[in-house]
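# Survey of secondary and tertiary structure
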Amino acid sequence: MAWTRKILRVDLTNGTCKSEPLNMKLAQEYLGQRGLATKYFVDEVDPKVDPLSPANKLIMATGPLTGTPASTGGRYSVITKGALTGAIACSNSGGYFGAEMKFAGWDMIIFEGKSPKPVYLSVEDDKAELRDASHLWGKTVWQTEEIIKKSHQDPQVRVCSIGRSGENGVLYACIVNDLHRAAGRSGVGTVMGSKNLKAVALRGTRGVAGMKDAKAFMKAATAAKQVLKDNAVTGQGLPAFGTQVLMNVINEMGALPTRNHRDVQFESARKISAEAMAEKRPTDGKSNLVTNAACFGCTIACGRVSKIDATHFSVVNKPEYWGATGGLEYEAAWALGAANGVGDLEALTFANMICNEDGYDPISFGATVGAAMELYDLGILTKEQIGMDAPFGSAEALCKLAEMTARGEGFGKELGLGSKRLCAKYGKPELSMSVKGQEFPAYDSRGIQGMGLTYATSNRGACHLRSYTVASEVLGIPVKTDPLVTEGKADLVKAFQDATSVFDSAGVCVFTTFAWTLADLQPQLDAACEGDWTMEKLALVGERIWNMERQFNNAAGFTAKDDDLPPRLKTEPAKTGPAKGLVSGIDKMRPEYYKVRGWDANGVPTKETLSRLGL
Amino acid sequence: MQKSLHIDPGKCTGCLQCEMACSYENYGVFNISKSRIKVFNFEHEGRKVPYTCTQCAEAWCMTACPVDAIKIDAATGAKVVNEATCVGCKVCTIACPFGTVNYVADTGKVQKCDLCGGDPACATACPTGAITYVESDWTGLEKMRLWAGKTDTQPRANA
Ligand code: SF4
Ligand code: SF4
Ligand code: SF4
């Protein structure tokens, strides 16, 4: 069966673990992972709930293709109400954890309540129990994984955990699995920490069997793998350069937000690019990049494994950081680098390691540092307040602030609350480069107009992974559109949002969509999953998921006003590059988008839309 | 012509497609805990190393088996466990210097790589060429070719 048909419900308040059957009717309507877990979530949780209260729930969910040989079939998602945003949150992660959950026989794990003391969940196939985690509290992600593996006497156990930042209330804390793979955004790790849940350790030996038509599935999966292999991005670009393949491309387009979006091109972009990661360093003759790596089942292998320059100031006398570990991907390199004007590759590598080690989102962190540096530049924040000089471009400040945020020390505590709260506190709310409280990723809305609409309307706050129109506007996938115009972007964004909702609910990685369309995924799902999974049904499922998330946010108190970009992007034109002179056309695109969506002028789905989608 | 699995760890990304293929081929389930090939992740060195039975010419496991449950497949040269004969005594798991014969608690027998009867599923599934099925006499041929290409063939500068 593509679904294991079993849910594990963990009541943290009372310390119990119960198995319950998966609602198969809902599986037919919401597929799995993002869609299905969000459906469970919105049915069980009051939209007005305080994200950090025991009444919030947190769901870890796999998709029907998780744990199968479908390429990239190892994904899982964490669904909750986001600590950073107060909106619906769904953070997706690769590595090996998701497949292990499936192999242990579970489609989802629902956590509810709050444990009176630190605990971790241990699952060995059917056997699930909460165990004391007082010895793990205060430990980093890396230490936690090591201690659990040792105490279980099982190197094959797969662990996800929060680091100190998730315990200390950093509002953008992640849940990190397999050392450097993360359910990264919106503060899902903060919610986990608020429940006194430190980690989940899984061991599954059951595997996945009994698909609807295993032969047809193998055939479809093999054909789809060939599509990935033959595509220039998934077959060559991503394995060789990782997502960092984009750094120079986006910079040349004039869409690389620099120094808190003051500029759209970064003079040192090349120094922090994929090309730079592969070059030999003058100091030790070695390159930053050691090799690429794959998540479970992935035939793309975009992952970076890096070794930092042991002579770099950030790691002098710290041999624990000299080994190979997860390296920079594009969003992190941008947020820690261009967003702050820092062009020191090794400093970014260090800050990124700290983000992995202590479990917080490098995008929100880097962008918040960018906002702080602007406040410093304006003389609003002083050296005394920050504890150091923090001008744009300071690699020293970046590295120091990363460690302080991890430990919850000094100004690190303020950075941990994100740019929205930081800028509001110092009287400059307009300087927070965020939507719904979540910081932008690495594409400027002036140079890639569709991304402005993507950010403004993303259900989890600013995010590139909800509708990656960069594919179309920059790379021409599946068709080339002009990045500088607003025309047609409403339709484009809707199409990407709906299709992505399906990919995120299937158990596969959204990076497959550089090569796959829904037509490549459909035969795999149809062969694996009971029921009749036609293109029409999948399109409807995608749109249904999007509208369900929207309804939750509307009920939580979000309105059309929250579908907006910071004033800078609407009033300060791009200074250089192909987009020179342009601002974001968000105010023009938003009403068009509402129309295409079948929503009213306030962004509320109409009765007809809801009934068409069966909501 | 005899063929062998040839493993090039430098190409391995750790995707585990090989492990899934092995369990599916042999047990009809996608379950890496049943795989006869294992990929080890040396995290701090950034190395991933696939490892399975090398089909020794003089196989210790075969010699050690008290009931002659391990036989040579004449077509492939693989040392194959006959489950009907195997009594699960585990002596072969001790005898194998590489640990590639393992006991399976579910069945009470041991399992090891049998080269899938001459069409190894792991090699077919591997997307990177880290596992290939090549002529046993020439497992080093590709490496030789690579090094041959690096051999300096430029004319020497005149003294
Ligand atoms: S494409 Fe990259 S992130 Fe996606 S599954 Fe593969 S290795 Fe993981
Ligand atoms: S050859 Fe067959 S049995 Fe041997 S490791 Fe590969 S898939 Fe498994
Ligand atoms: S299939 Fe190939 S690349 Fe993937 S883990 Fe196995 S040996 Fe490595």
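The rules behind each value
Residues numbered from 1 in each chain as written. Chains lettered and ligands numbered in written order. Predicted model: local features only at pLDDT ≥ 70, side-chain atom pairs only at ≥ 80, totals over all residues. Heavy atoms only, no water. Helix = DSSP H or I, 4+ residues; strand = E, 2+ residues; numbered from the N terminus. Buried < 20%, exposed > 50% of the residue type's maximum accessible area, 1.4 Å probe, protein only. Areas by Shrake-Rupley, 256 points an atom, 1.4 Å probe, with all protein chains shown as cover. Core = buried A, V, L, I, M, F, W, Y, C linked by side-chain atoms within 4.5 Å. Axes fitted to C-alpha atoms, helices over the stretch in contact; angles between N-to-C directions. Parallel < 35°, antiparallel > 145°, perpendicular 65-115°, else oblique. Left-handed = near helix turned anticlockwise from the far one by under 90°. Contact = heavy atoms within 4.5 Å. Polar contact = N/O pair within 3.5 Å; in protein donor to acceptor, adjacent residues only side chain to side chain. Nonpolar A, V, L, I, M, F, W, Y, C, P; charged D, E, K, R; others polar. 1 Å grid on protein atoms, 1.4 Å probe; cavity = no way out; pocket = protein on both sides within 12 Å on 5 of 7 lines; lining within 4 Å. Points joined across faces, edges and corners; volume = space filled by probe spheres on them. Near = heavy atom within 4 Å. Pairing = 2+ DSSP bridges. Domains from an automatic or database assignment. Buried area = accessible area lost by both parts, 1.4 Å probe. Salt bridge = Lys/Arg side-chain N within 4 Å of Asp/Glu carboxyl O. Phe/Tyr/Trp six-rings, centres within 6.5 Å; stacked < 30°, edge-to-face > 60°. Lys NZ or Arg CZ within 6 Å of the ring centre and 35° of its normal.

## Concerning the overall build of chain B
A count of helices and strands for chain B gives five helices and eight strands. Projecting the C-alpha coordinates of chain B onto the three principal axes gives extents of approximately 75 × 30 × 25 Å. Within the span of chain B, comprising 159 residues, buried residues form 39% of the whole. When the accessible surface of chain B is split by element, carbon and sulfur atoms take 55% of a total near 8,900 Å².

## A short note on the nonpolar core
Of all hydrophobic cores here, the largest spans 208 residues; its most connected members are A:Met60, A:Ile175, A:Ile250, A:Phe365 and A:Tyr443. In terms of nonpolar packing, the next biggest core, distinct from the first, is built from 12 residues, B:Ala59, B:Val81, B:Cys96 and B:Val101 among them.

## Examining the packing of helix H18 (residues 449-457) of chain A against helix H20 (residues 489-506) of chain A
All names here are of chain A. Their axes nearest at 9 Å, the elements H18 and H20 cross at an angle of 55 degrees. Comparing the axis directions of H18 and H20 gives the class oblique. Our pair here, H18 against H20, has a crossing hand that is right-handed. On H20, the residues that touch Gln449, Gly450, Leu453, Thr454 and Thr457 of H18 are Lys489, Ala490, Val493 and Gln497.

## Notes on the interface of chain A and chain B
Across the contact, 39 residues belong to chain A and 20 residues belong to chain B. Applying the counting rule to chain A against chain B returns 11 residue pairs in polar contact (both at pLDDT 80 or more). Among the elements that line the side of chain A that touches chain B, the one with the most residues is helix H7 (residues 214-230) of chain A, at five residues. Taken together, the residues of the side of chain A that touches chain B sort by class into 20 nonpolar, 13 polar and six charged.

## Thoughts on the layout of surface pockets
What the second largest pocket holds in volume is close to 670 Å³. Put simply, the parts of the chain that give the lining of the second largest pocket at least two residues each are H7 and helix H8 (232-241) of chain A together with helix H1 (17-27) and helix H4 (121-125) of chain B. The biggest single contributor to the lining of the second largest pocket is H7(A), with seven residues. Grouping the constituent residues of the lining of the second largest pocket by class yields 17 nonpolar, 10 polar and four charged.

## Some thoughts on the side chain of A:Arg597
All names here are of chain A. On the secondary structure map, Arg597 appears in helix H24 (residues 586-597). For Arg597, a relative accessible area of 0% corresponds to the buried category. Of note is the side chain of Arg597, whose polar atom sits 2.9 Å from the side chain of Asp498. Once residues lying within four places of it in the same chain are set aside, the contact partners of Arg597 are Lys494, Gln497, Asp498, Glu543, Trp546, Asn547 and Thr609.

## Quick notes on the site of ligand 3
In the vicinity of ligand 3 lie 14 residues, with B:Cys12, B:Cys15, B:Leu16, B:Cys18 and B:Cys126 positioned nearest. Among the residues forming the shell around ligand 3, the class breakdown is 10 nonpolar, four polar and no charged.

## Re the sheet that holds strand S9 (residues 158-161) of chain A
All names here are of chain A. Pairing in this open sheet of six strands is mixed, and the strands run S8-S7-S12-S9-S10-S11 from one edge to the other. The open sheet terminates on both sides in strands that have one partner only, identified here as strand S8 (127-132) and strand S11 (181-183). Direction aside, the axes of adjacent strands within the sheet are offset by 20 degrees on average. Pairing geometry for strand S7 (residues 119-124) and strand S12 (residues 197-203), over six bridges, is parallel. Paired with Glu124 across the two strands is Arg203, which belongs to S12.

## Brief notes about the domain arrangement of chain A
Residues and elements named next belong to chain A. The domains assigned to chain A are domain 1 (6-203), domain 2 (244-438) and domain 3 (439-613). If you average the C-alpha positions of domain 1 and of domain 3, the two centres end up 26 Å apart. Across the boundary between the two partners, domain 1 contributes 39 residues, which contact 40 residues of domain 3. Together, Leu31, Arg34 and Arg185 form the three largest contributors to the area buried by domain 1 at its contact with domain 3, with a combined 25%. Applying the counting criterion to the domain 1 and domain 3 interface returns two salt bridges. At the level of elements, helix H1 (24-30), helix H2 (33-44), strand S4 (76-81) and strand S5 (88-93) are the ones that each hand at least two residues to the side of domain 1 that touches domain 3. The element best represented in the side of domain 1 that touches domain 3 is H2, accounting for seven residues. Per-class residue counts for the side of domain 1 that touches domain 3 are 15 nonpolar, 17 polar and seven charged.

## Examining the sheet that holds strand S14 (residues 303-306) of chain A
Residue and element names in this part refer to chain A. Strand order in the open sheet formed by three strands is S13-S14-S15, and the pairing between neighbours is antiparallel. Two strands lie at the open edges of the sheet, namely strand S13 (289-293) and strand S15 (325-326), each paired on one side alone. Note: S13 against S14, four bridges, orientation antiparallel. Paired with Ala293 across the two strands is Gly303, which belongs to S14.

## So, the packing of H18(A) against H24(A)
All names here are of chain A. Put simply, H18 and H24 touch, their axes get as near as 10 Å, and they point 60 degrees apart. Between H18 and H24, the angle is such that the two are oblique. Every pair of crossing elements has a handedness; the one defined by H18 and H24 is right-handed. Note on element contacts: H24 touches H18 through Ile586, Met589, Arg590 and Tyr593, opposite Gln449, Gly452, Leu453, Ala456 and Thr457. Classifying every residue of the contact of H18 with H24 gives five nonpolar, three polar and one charged.

## A short note on the pairing of strand S6 (residues 108-112) of chain A
Taken residue by residue, a regular strand's side chains alternate between the two faces of the sheet. Residues and elements named next belong to chain A. Burial of S6 is extensive: five of the five residues sit out of reach of the surface. Of the two faces of S6, both are covered, the one formed by Met108, Ile110 and Glu112 as well as the one formed by Ile109 and Phe111. Looking at chain direction, strand S1 (residues 6-11) and S6 are connected through five bridges and run parallel. Across the sheet, residue Asp11 finds its bridge partner in S6, namely Glu112. Two strands pair when backbone bridges link them, and strand S3 (residues 58-62) and S6 are joined in this way by four bridges, in the antiparallel orientation.

## Remarks on the packing of aromatic side chains
As enumerated under the stated definition, the model contains 18 aromatic pairs over all chains in all. For the ring pair A:Tyr594 and A:Trp599, a centre distance of 5.9 Å and an interplane angle of 45 degrees mean the geometry is tilted. With relative accessibility at 5%, the residue A:Trp599 sits in the buried group. Positioned above the aromatic ring of A:Trp137 is the side chain of A:Lys198, whose terminal nitrogen or guanidinium carbon lies 5.9 Å from the ring centre. The ring of B:Tyr103 carries B:Lys90 above its face, with NZ or CZ at 4.4 Å from the centroid.

## Remarks on the site of ligand 2
Residues and elements named next belong to chain B. Taken together, 13 residues are adjacent to ligand 2, and Cys22, Cys113, Leu115, Cys116 and Cys122 come closest. Among the elements of the structure, H1 and H4 are those that each provide at least two residues to the shell around ligand 2. For the shell around ligand 2, the class distribution of residues is nine nonpolar, two polar and two charged.

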